[in-house]
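Here is how the chains run, residue by residue.
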Amino acid sequence: GESVGLHLPTLSVQEGDNSIINCAYSNSASDYFIWYKQESGKGPQFIIDIRSNMDKRQGQRVTVLLNKTVKHLSLQIAATQPGDSAVYFCADIPGGSYIPTFGRGTSLIVHP
Amino acid sequence: NAGVMQNPRHLVRRRGQEARLRCSPMKGHSHVYWYRQLPEEGLKFMVYLQKENIIDESGMPKERFSAEFPKEGPSILRIQQVVRGDSAAYFCASSQGTANEKLFFGSGTQLSVL
């Protein structure tokens, strides 16, 4: 089975609100995690990553939190904009591996 | 610096025909990955290649599917005798090839089998 899964298939938010997308993983050997954004008709685009020796990492308007105790990963998007509407995937890579495993994805819908 | 280039963007084949999907990695990247995506689904790993070598093909169907990444030229994903169930978006990604490294994806090839 997949080592990565997402809690919610769809998340609807109002423009300007903060969004939180969650992800659970099952492989305790995973030590690298990546969030990708995929817009309709396009390939996945890298957003942010985090390694297992960290529990938080911030980018521009995005923050990734990692809780290794419960094997949970989240992506927080501040001041969500209509352009953030897309499907968001988390992926994990076990230590020493080269191959990310993707979850099913969460569709983020931002209402103006 | 051009990103990962895939062609064609759309490919229509009739059942029984062959499909060839091409992928040129980012400049400086020597590792290529192929993923398949069905509608409303995540990306399923198929195969991981370096130049002239298949490193991991654990996600590739045993029959009709093959992949190569020659010394010169793009990586090719080849599907022989296509069936309707092969209809999907096929994405290629590349990396420089160290462990625990993010992948950069192309725009994909949408294969439709009639």
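That block above? That's the structure.
It should be emphasised that the depicted structure is a prediction, and the values quoted were computed from it without experimental measurement.

Attention now moves to the environment of Ala89 of chain B. Residues and elements named next belong to chain B. Within the element layout of this structure, Ala89 appears in strand S9 (residues 88-95). For Ala89, a relative accessible area of 11% gives the class buried. The spatial distance from the C-alpha of Ala89 to the C-alpha of Arg15 is 17 Å, given a sequence separation of 74 residues. Look past the residues within four positions of Ala89 in its chain and what remains in contact with it is Tyr35, Arg36, Gln37, Thr109 and Gln110.

For the rest of this paragraph, the subject is the environment of His111 of chain A. All names here are of chain A. Inspection of the secondary structure puts His111 in strand S11 (residues 106-111). Along the sequence, His111 and Ser97 sit 14 residues apart, while their C-alpha atoms lie 39 Å from each other. Each residue touching His111, except ones within four places of it in the same chain, is listed here: Ser12, Val13, Gln14 and Glu15.

Per the counting criterion, the structure on display carries 2 disulfides over all chains. Cys23 of chain A shares a disulfide with Cys90 of chain A; S-S distance 1.8 Å. On the S-S bond that ties Cys23 of chain A to Cys90 of chain A, the torsion sits near 50°, and the link is right-handed. With Cys23 of chain A in strand S3 (residues 19-25) and Cys90 of chain A in strand S9 (residues 86-94), this pair connects stretches of sequence that are 67 residues apart. What makes Cys90 of chain A buried here is its relative accessible area of 1%. At a sulfur-sulfur separation of 1.8 Å, the disulfide partner of Cys23 of chain B is Cys92 of chain B. Note on the Cys23 of chain B and Cys92 of chain B pair: the S-S dihedral is about -55°, so by sign convention the disulfide is left-handed. Linking Cys23 of chain B in strand S3 (residues 19-24) with Cys92 of chain B in strand S9, this pair joins segments that are 69 residues apart in sequence.

Before going further, it helps to spend a moment on the pattern of salt bridges. In the structure shown here, the tally under the stated rule is 6 salt bridges over all chains. A salt bridge links Asp49 of chain A to Arg57 of chain A; the shortest N-O distance between them is 2.2 Å. Of the charged contacts, one joins Asp84 of chain A and Arg61 of chain A as a salt bridge, the two residues approaching to 2.9 Å between their closest N and O atoms. With Asp84 of chain A in the loop between strand S8 (72-77) and S9 and Arg61 of chain A in the loop between strand S6 (56-58) and strand S7 (62-67), this residue pair connects regions lying 23 residues apart in the sequence. Each member of the salt-bridge network shares a partner with another, and the members are Glu18, Arg20 and Arg78 of chain B.

It is worth spelling out the pairing of strand S5 (residues 43-50) of chain B at this point. All names here are of chain B. Here S5 lies mainly inside the structure; 6 of its 8 residues are buried. Here strand S4 (residues 31-37) folds back onto S5, and the loop between the two strands holds 5 residues, one of which, Glu40, carries a positive phi near 65°. Strand direction decides the pairing type here: S5 and strand S6 (residues 53-56), joined by 3 bridges, are antiparallel. Among the inter-strand pairings, Gln50 is bridged to a residue of S6, identified as Asn53. Joining the antiparallel neighbours S5 and S6 is a turn of 2 residues, in which Glu52 adopts a positive phi near 65°.

Here we come to the nonpolar core. Counting 23 residues, the largest nonpolar core has Trp34, Met46, Leu77 and Tyr90 of chain B as the members making the most contacts within it. When residues of this core are traced back to their parent elements, those giving at least two are S3, S4, S5, strand S7 (65-68), strand S8 (75-79), S9 and strand S11 (109-113) of chain B. Grouped together as the second largest cluster of nonpolar side chains are 20 residues, Leu73, Ala86, Leu108 and Val110 of chain A included.

Time to look at the layout of surface pockets. Of the pockets and cavities examined, the largest pocket occupies roughly 610 Å³. At the level of elements, S9 and S11 of chain A together with S9 and S11 of chain B are the ones that each hand at least two residues to the lining of the largest pocket. Looking at the lining of the largest pocket residue by residue, the class counts come to 9 nonpolar, 14 polar and 6 charged.

Next up on the list: the interface of chain A and chain B. Many authors give the size of an interface as the accessible area that is lost as the parts come together. The partner chain B presents 23 residues to the 25 residues of chain A that form the contact. Its largest share of buried area at the contact with chain B, chain A owes to Tyr98, Ile99 and Phe102 of chain A, together 33% of the area lost on that side. Our enumeration of links across chain A and chain B arrives at 0 salt bridges. Connecting chain A to chain B are 6 residue pairs in polar contact (both at pLDDT 80 or more).

The rules behind the values
- Residues numbered from 1 in each chain as written.
- Chains lettered and ligands numbered in written order.
- Predicted model: local features only at pLDDT ≥ 70, side-chain atom pairs only at ≥ 80, totals over all residues.
- Heavy atoms only, no water.
- Helix = DSSP H or I, 4+ residues; strand = E, 2+ residues; numbered from the N terminus.
- Buried < 20%, exposed > 50% of the residue type's maximum accessible area, 1.4 Å probe, protein only.
- Contact = heavy atoms within 4.5 Å.
- Disulfide = S-S within 2.5 Å.
- Salt bridge = Lys/Arg side-chain N within 4 Å of Asp/Glu carboxyl O.
- Pairing = 2+ DSSP bridges.
- Core = buried A, V, L, I, M, F, W, Y, C linked by side-chain atoms within 4.5 Å.
- 1 Å grid on protein atoms, 1.4 Å probe; cavity = no way out; pocket = protein on both sides within 12 Å on 5 of 7 lines; lining within 4 Å.
- Points joined across faces, edges and corners; volume = space filled by probe spheres on them.
- Nonpolar A, V, L, I, M, F, W, Y, C, P; charged D, E, K, R; others polar.
- Buried area = accessible area lost by both parts, 1.4 Å probe.
- Polar contact = N/O pair within 3.5 Å; in protein donor to acceptor, adjacent residues only side chain to side chain.

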